[in-house]
Amino acid sequence: MPVMSYIQAVTTALKEEMQRDENVFILGEDVGKKGGVFRATDGLYDEFGDARVLDTPLAESAIAGVGIGAAMYGKRPVAEMQFADFIMPAVNQIISEAARIRYRSNNDWTCPITIRAPYGGGVHGALYHSQSVEAVFANQPGLKIVMPSTPYDVKGLLKAAIRDNDPVLFFEHKRAYRLLKGDVPEEDYVLPIGKADVKREGTDITVITYGLCVNFALQAAEKLAEEGIDAHILDLRTIYPLDQEAIIEAAKKTGKVLLVTEDNKEGSIIGEVAAIISEHCLFDLDAPIQRLAGPDIPAMPYAPTMEKFFMINPDKVEKAMRDLAEF
Amino acid sequence: MPHAVGVSLAAKMDKKDIVSFVTLGEGSSNQGDFHEGLNFAGVHKLPVITMVENNKYAISVPLKKQLACEQVSDRAKGYGMPGITVDGNDPLAVYDVVKQARERGISGEGPTLIEAITDRYTAHSSDDDDRLYREKGEVEAAKKKDALQSFAVYLRDTGVLTDEKEEALHKEVEQIVNDATDYAEQAPYAEPEDALKYVYEEV
Ligand SMILES: Cc1ncc(C[n+]2csc(CCOP(=O)(O)OP(=O)(O)O)c2C)c(N)n1
Ligand SMILES: [Mg+2]
């Protein structure tokens, strides 16, 4: 089985979907000749040409809006936002239009667009190149939001997103692009959107998280295993709508739950996860639900000291896990 | 870009002789905010000068994939203001059009859109490799028009710049840059907890 980086899995999924279905096309800034600022669309312009890999004018609202129109027509656009931070000009198109098209047309119209965007910090990107934006969209029924944690998941979930008949936001952690490598089968496979995935079986504490933080939690779990603390790790994979069943099952399994996100704490999606657990698992809990998250400040600072202060890392997760285990 | 329109609106409200000036790239002139801001300024005849630096690229995307009109300044017509294209490598020509635009603004005639044509002599950023999308010859030809060279020649020809003056100027600039670099390198990093400061007014 080939070993691939997280970003190679993105490129592979895009390429295979474009080969499989000629309705799939890509639009975004610098996705053509340059192959994207992160090289996620590397080689696709050469293989599929400028009619299917479109360098757009610098206007995110149009990238989303035009993609939405093409999707309503029957195409399978994959729109790239160069950084998740730059999705903001397109919010009206995504929330007021894409999310509502099926519902408001009483199921007459669909909008099978995929919008990809690199999110997250830890890359010295500061304010406009580090944000987590998922919470902005995570109370908009009609949208699906996928945030994969491994190269294997990237390929299967991106293919699923492209084939999905509803709009999917697909957020890729930019630090994971080259940091994370893993086995990715050559064959065509899709993973189910809307389903969480157990990344580690354990009996003492449960960690529920998504994206790059899954990797941090797994690293921390290996260390804690040496101390006899056995962690159960649930990767949400789809953060909207949430897989309630899997969350409840994972919480009940150990009765001690730590929720982790790189996003600002207040109003982040792990607050919703905590609400689901409190509604369903009160009598199974042996400790208060714990949250480890970014501070409630408006931006990722640039100074390395302050960026480190903001970012989640394996040490912070390990400490929060140990504290919970000892509760 | 609309912020500049807001500044000029506020100044006009206070009857101040202020003209606001904003610059952006030709790629950025495709954002809705640019068009909404220009239209607002045009409707209210606000004293704002919008200068688009047209270096023919937005990272890798060439001008012809950015605009369907011939020049950025053509866009001014739609917003009821003059649109002027100027050679951005000619400081005196730029000075002249900006001066005129300011006079229009001050005298209540409203906004002006200026397009300064120039070139990008390097990749977009340290992360960018421009060999992927443009010919080497293109950059070399452009460098010949670099105002830092051509204007120096002009200043010499007119007797303003001498060898001694140029050397002194280079030294002075180098000193400023070196001092700033030393200062930055020796400055301590911010305290981690400083990240929590100034989210809101602190009383
Ligand atoms: C809203 C938004 N989208 C995308 C980007 C990423 N980006 C940074 S610079 C740039 C190109 C800008 O081109 P242009 O406006 O022509 O300015 P230039 O760099 O050529 O001066 C892009 C796409 C951004 N900073 N903000
Ligand atoms: Mg430009």
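Along its length, chain A carries 13 helices and 14 strands. Taken over C-alpha atoms, the radius of gyration comes to 19 Å for chain A, in line with the 20 Å a tight globule of 327 residues would show. With respect to the principal axes defined by its C-alpha atoms, chain A has extents near 60 × 45 × 40 Å. Burial status across chain A gives 60% buried among its 327 residues. For chain A, the share of sequence-separated contacts (at least 6 apart) that also reach a separation of at least 24 residues comes to 82%. When the accessible surface of chain A is summed, it comes to about 12800 Å², and 51% of that surface belongs to carbon and sulfur atoms. Here chain A contributes 34 positive and 49 negative side-chain charges, whose respective centroids are spaced 2 Å apart.

Okay, the coordination of the magnesium ion (ligand 2) next. All names here are of chain B. Within the protein, the magnesium ion (ligand 2) binds to Glu26 (OE), Asn55 (OD1) and Tyr57 (O); these donor distances fall in the range 2.1 to 2.2 Å. Each donor residue of the magnesium ion (ligand 2) lies on one chain, and together they are spaced E-x28-N-x1-Y. One end of the pair, glutamate 26, is in the loop between strand 1 (20-25) and helix 2 (32-43); the other, asparagine 55, is in the loop between strand 2 (48-54) and strand 3 (57-58), and 29 residues separate them in sequence. Judged by its relative accessible area of 1%, glutamate 26 falls in the buried class.

Around ligand 1, 15 residues are found, and the nearest of them are Glu60 of chain A together with Gly27, Ser28, Asn55 and Tyr57 of chain B. Neighbouring residues of ligand 1 are not confined to one chain but are distributed across chains A and B. Side-chain polar atom of glutamate 26 of chain B to an oxygen atom of ligand 1: 3.0 Å apart, as the coordinates give it. The backbone of tyrosine 57 of chain B places a nitrogen or oxygen atom 2.8 Å from an oxygen atom of ligand 1.

According to the stated counting rule, one finds 8 aromatic pairs over all chains in the structure shown. Aromatic pair phenylalanine 38 of chain A and tyrosine 177 of chain A: ring centres 5.2 Å apart, planes at 55 degrees, arrangement tilted. With phenylalanine 38 of chain A in the loop between strand 2 (24-28) and helix 2 (44-48) and tyrosine 177 of chain A in helix 8 (residues 176-179), the pair connects residues that are 139 residues apart, well separated along the chain. For tyrosine 177 of chain A, a relative accessible area of 1% corresponds to the buried category. The interplanar angle of 15 degrees and the centroid separation of 5.6 Å between the aromatic rings of phenylalanine 151 of chain B and tyrosine 154 of chain B together place this pair among those described as stacked.

Residue and element names in this part refer to chain A. Pairing is mixed across the open sheet formed by 5 strands, whose spatial order is 9-11-10-13-14. Each end of this open sheet is capped by a strand with a single partner; those strands are strand 9 (197-200) and strand 14 (290-294). Pairwise comparison of adjacent strand axes, ignoring direction, gives a mean angle of 25 degrees for this sheet. Examined bridge by bridge, strand 10 (residues 205-209) and strand 13 (residues 257-264) share 3 bridges and lie parallel to one another. Directly across from threonine 206, in strand 13, lies its bridge partner valine 257. Its contacts with the sheet put helix 11 (residues 269-281) on strand 10, strand 13 and strand 14, and the angle it makes with strand 13 is roughly 155 degrees.

So, about the packing of helix 10 (residues 244-254) of chain A against helix 11 of chain A. Axes are the key here: two packed helices are described by the angle between their axes and the distance separating the axes. Residue and element names in this part refer to chain A. One way to put it is that helix 10 packs onto helix 11 with a least axis distance of 10 Å and a crossing angle of 65 degrees. Compared by their axis directions, helix 10 and helix 11 come out roughly perpendicular. The interaxial crossing formed by helix 10 with helix 11 has right-handed handedness. When helix 10 is examined against helix 11, the residues Gln244, Ile247, Ile248, Ala251 and Lys252 are found in contact with a partner set consisting of Val273, Ile276, Ile277, His280 and Cys281. By residue class, the composition of the contact of helix 10 with helix 11 is 7 nonpolar, 2 polar and 1 charged.

This next bit is on the environment of leucine 148 of chain B. Within the secondary structure, leucine 148 of chain B sits in helix 5 (residues 147-157). Remark: the alpha-carbon pair of leucine 148 of chain B and valine 48 of chain B, spanning 100 residues in sequence, is separated by 28 Å.

What follows covers the domain arrangement of chain A. Residues and elements named next belong to chain A. Looking at chain A, the domain boundaries give domain 1 (3-183) and domain 2 (197-326). Here the C-alpha centroids of domain 1 and domain 2 sit 26 Å apart. Each side of the interface is counted separately: domain 1 has 33 residues, and domain 2 has 25 residues. Surface buried jointly by domain 1 and domain 2 totals about 2200 Å² across both partners, of which 59% is contributed by carbon and sulfur atoms. Of all residues in domain 1, His124, Met147 and Ser149 give up the largest surface area on contact with domain 2, accounting jointly for 20% of the area buried on that side. Counting across the interface, domain 1 meets domain 2 through 2 salt bridges. Notably, a salt bridge pairs aspartate 153 with lysine 199, separated by 2.7 Å at the nearest N-O pair. When grouped by side-chain class, the residues that make up the side of domain 1 that touches domain 2 number 17 nonpolar, 12 polar and 4 charged.

On to the sheet that holds strand 7 (residues 168-173) of chain A. Residue and element names in this part refer to chain A. Pairing within the open sheet is mixed, and its 7 strands lie in the order 3-2-4-5-7-6-12. Edge positions in the sheet fall to strand 3 (53-55) and strand 12 (238-240), since each of these pairs with one other strand and no more. Averaged over all neighbouring strand pairs, the angle between strand axes comes to 25 degrees, with direction disregarded.

This paragraph deals with the interface of chain A and chain B. Contact with chain A, which involves 25 residues of that partner, is made by 24 residues of chain B. Taken together, both faces of the contact between chain A and chain B bury some 1900 Å²; the carbon and sulfur share is 63%. A per-residue breakdown of the area chain A buries against chain B is headed by Lys34, Leu58 and Phe309 of chain A, which together make up 29% of the total. On the surface where chain A and chain B come into contact, there are 1 salt bridge. Remark: the boundary between chain A and chain B carries 6 residue pairs in polar contact (both at pLDDT 80 or more). Considering each element in turn, the side of chain A that touches chain B owes the most residues, 4 residues, to helix 12 (residues 304-310) of chain A. For the side of chain A that touches chain B, the residue count by class is 14 nonpolar, 3 polar and 8 charged.

Reading the values: the criteria
Residues numbered from 1 in each chain as written. Chains lettered and ligands numbered in written order. Predicted model: local features only at pLDDT ≥ 70, side-chain atom pairs only at ≥ 80, totals over all residues. Heavy atoms only, no water. Helix = DSSP H or I, 4+ residues; strand = E, 2+ residues; numbered from the N terminus. Rg over C-alpha atoms; globule rule 2.2 N^0.38 Å. Buried < 20%, exposed > 50% of the residue type's maximum accessible area, 1.4 Å probe, protein only. Contact = heavy atoms within 4.5 Å. Areas by Shrake-Rupley, 256 points an atom, 1.4 Å probe, with all protein chains shown as cover. Lys, Arg positive; Asp, Glu negative; His and termini not counted. Charge placed at Lys NZ, Arg CZ, Asp CG, Glu CD. Donors = N, O, S within 2.8 Å, 3.2 Å for Na, K, Ca; no water. Near = heavy atom within 4 Å. Polar contact = N/O pair within 3.5 Å; in protein donor to acceptor, adjacent residues only side chain to side chain. Phe/Tyr/Trp six-rings, centres within 6.5 Å; stacked < 30°, edge-to-face > 60°. Pairing = 2+ DSSP bridges. Axes fitted to C-alpha atoms, helices over the stretch in contact; angles between N-to-C directions. Parallel < 35°, antiparallel > 145°, perpendicular 65-115°, else oblique. Left-handed = near helix turned anticlockwise from the far one by under 90°. Nonpolar A, V, L, I, M, F, W, Y, C, P; charged D, E, K, R; others polar. Domains from an automatic or database assignment. Buried area = accessible area lost by both parts, 1.4 Å probe. Salt bridge = Lys/Arg side-chain N within 4 Å of Asp/Glu carboxyl O.

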